[in-house]
Amino acid sequence: MPTINKSTTKIAPSLLAADFTRLGEEVDRVIAAGADMLHFDIMDGEFVPNFGISPLSIAALRDRTEIPFDVHIMVTHPFRYIDALADVGSDMITFHIESDDEPYAVISAIKAHNIKAGIAFSPKTKCDEVLPFLADIDLVLPMSVEPGFGGQSFIPDTLNKIEQLHQFINKLENSPDISVDGGVTPEIGPIAAQKGATILVAGTAIFRSEHPKDAIDQLRSIDTSI
Ligand code: DX5
Ligand code: ZN
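Residues numbered from 1 in each chain as written. Chains lettered and ligands numbered in written order. Predicted model: local features only at pLDDT ≥ 70, side-chain atom pairs only at ≥ 80, totals over all residues. Heavy atoms only, no water.

### Some details on the overall build of the protein chain
When helices and strands are tallied, the protein chain shows eight helices and 10 strands. Its C-alpha atoms give the protein chain a radius of gyration of 16 Å, within 12% of the compact-globule value 17 Å for 226 residues. Principal axes of the C-alpha set define a box for the protein chain whose edges measure 50 × 45 × 30 Å. When the 226 residues of the protein chain are sorted by exposure, 53% land in the buried category. Considering only contacts within the protein chain whose residues lie at least 6 apart along the sequence, 66% involve residues at least 24 apart. Summing over all exposed atoms, the protein chain offers an accessible surface of approximately 10,300 Å²; the carbon and sulfur share of this is 51%. Averaging the positions of the 17 positive and the 33 negative side-chain charges in the protein chain gives two centres separated by 4 Å. (Helix = DSSP H or I, 4+ residues; strand = E, 2+ residues; numbered from the N terminus. Rg over C-alpha atoms; globule rule 2.2 N^0.38 Å. Buried < 20%, exposed > 50% of the residue type's maximum accessible area, 1.4 Å probe, protein only. Contact = heavy atoms within 4.5 Å. Areas by Shrake-Rupley, 256 points an atom, 1.4 Å probe, with all protein chains shown as cover. Lys, Arg positive; Asp, Glu negative; His and termini not counted. Charge placed at Lys NZ, Arg CZ, Asp CG, Glu CD.)

Listed below in structure tokens is the structure:
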């Protein structure tokens, strides 16, 4: 039997998999289960072929809890979204390196609101594209599925990317979080954490579980047999 200990990895349930007929209760349920932050997916129907959560929902939930809000924007023009998302109470905003806006301009716009800035990148994008920005951001997010939809399977090559990012970050003065998003299951989460991920985003694995506390505890576990 492997020994199971608790890691310091932060767990971010992704609201995309929640029951939207009772969003407030869903949030209460995952906070009671031990979530460290909440992950919101904003989409524009252009950068990805889907629509996500509205800033209106974020504003409504902001009145309910003080837990950090981790906002992931899958949009072609991130710059246009920053002020509105900061105003509704985002604690961190993560945009895609593949978007059309100049990365440093977006990073500055986010930081001007005194909130954290992150960069996400899609499975086909190499780590090299984001390395130049790591010294200036708070979070890097290698997507482990094609962005746009929950419920997909984890792409194993993401583990190599996490390892590469972790090695690069070790040489920096700042230590941006490494977040991983898409298909993260209670089995894969601890492996990703062992490779260097510090935030695990999980939608289906948490919200579609009858026992979200067990799912979160397993995601946070350290399997010493690995
Ligand atoms: C996908 C989103 C994810 C998604 C994860 O584009 O960015 O946050 O909700 O959902 P699961 O964990 O179901 O893959
Ligand atoms: Zn996401």
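### Some words on the site of ligand 1
The local shell around ligand 1 holds 18 residues, among which Gly148, Asp181, Gly183, Gly203 and Thr204 are the closest. In this structure, Gly183 approaches ligand 1 through a main-chain N or O atom, which is 2.8 Å from an oxygen atom. Against a free-state accessible area of 380 Å², the protein chains account for coverage of 99% of ligand 1. At the level of secondary structure, the elements contributing two or more residues to the shell around ligand 1 comprise β3 (38–43) and β4 (69–74). In terms of residue class, the shell around ligand 1 is built from six nonpolar, 10 polar and two charged. (Near = heavy atom within 4 Å. Polar contact = N/O pair within 3.5 Å; in protein donor to acceptor, adjacent residues only side chain to side chain. Nonpolar A, V, L, I, M, F, W, Y, C, P; charged D, E, K, R; others polar.)

### Some remarks on the pairing of strand β8 (residues 177–181)
Here β8 lies mainly inside the structure; five of its five residues are buried. Alternating residues of β8 divide into Asp177, Ser179 and Asp181 and Ile178 and Val180, and every residue in both groups is buried. In the sheet, strand β7 (residues 139–142) pairs with β8 via two bridges, with the strands oriented parallel. Within the sheet, the bridge partner assigned to Leu139 lies in β8 and is Asp177. (Pairing = 2+ DSSP bridges.)

### A word on the coordination of the zinc ion (ligand 2)
For the zinc ion (ligand 2), the protein coordination sphere consists of His39 (NE2), Asp41 (OD), His72 (ND1) and Asp181 (OD), at 2.1 to 2.3 Å. Geometry at the zinc ion (ligand 2) is octahedral, judged from the six donor atoms that bind it and their angles of 70 to 170 degrees at the metal. Here the donor residues of the zinc ion (ligand 2) share one chain and are spaced in sequence as H-x1-D-x30-H-x108-D. Placement of His39 in strand β3 and of Asp181 in strand β8 is noted, with a sequence separation of 142 residues between them. Under the relative-accessibility criterion, His39 is labelled buried at 0%. (Donors = N, O, S within 2.8 Å, 3.2 Å for Na, K, Ca; no water. Tetrahedral: all angles 85-135°; square planar, octahedral: opposite > 155°, others 65-115°.)

### Structural notes on the environment of Ala215
Looking at where Ala215 falls in the secondary structure, it is placed in helix α8 (residues 212–220). Put simply, Ala215 and Val75 are 140 residues apart on the chain and 30 Å apart in space, counted from C-alpha to C-alpha. If we skip the residues at most four places from it in the chain, Ala215 touches Pro186, Ala205, Ile206 and Ser209.

### Things to note about the sheet that holds β3
Strand order in the open sheet formed by eight strands is β2-β9-β8-β7-β6-β5-β4-β3, with parallel pairing between adjacent strands. Since the sheet does not close on itself, it has two edges, and those belong to β2 (10–13) and β3, each with one partner. Averaged over all neighbouring strand pairs, the angle between strand axes comes to 25 degrees, with direction disregarded. (Axes fitted to C-alpha atoms, helices over the stretch in contact; angles between N-to-C directions.)

### With respect to the side chain of Ser99
The residue Ser99 is located in the loop between β5 (92–96) and α4 (103–111) in this model. A residue is classified by how much of its surface remains accessible, and Ser99, at 9% relative accessible area, is buried. Here His96 takes part through its backbone oxygen, which lies 2.8 Å from a polar atom of the side chain of Ser99. Among all residues touching Ser99, those that are not within four sequence positions of it are Phe47, Val75, Thr76 and Pro78.

On their own, these measurements won't tell you what the molecule is for.
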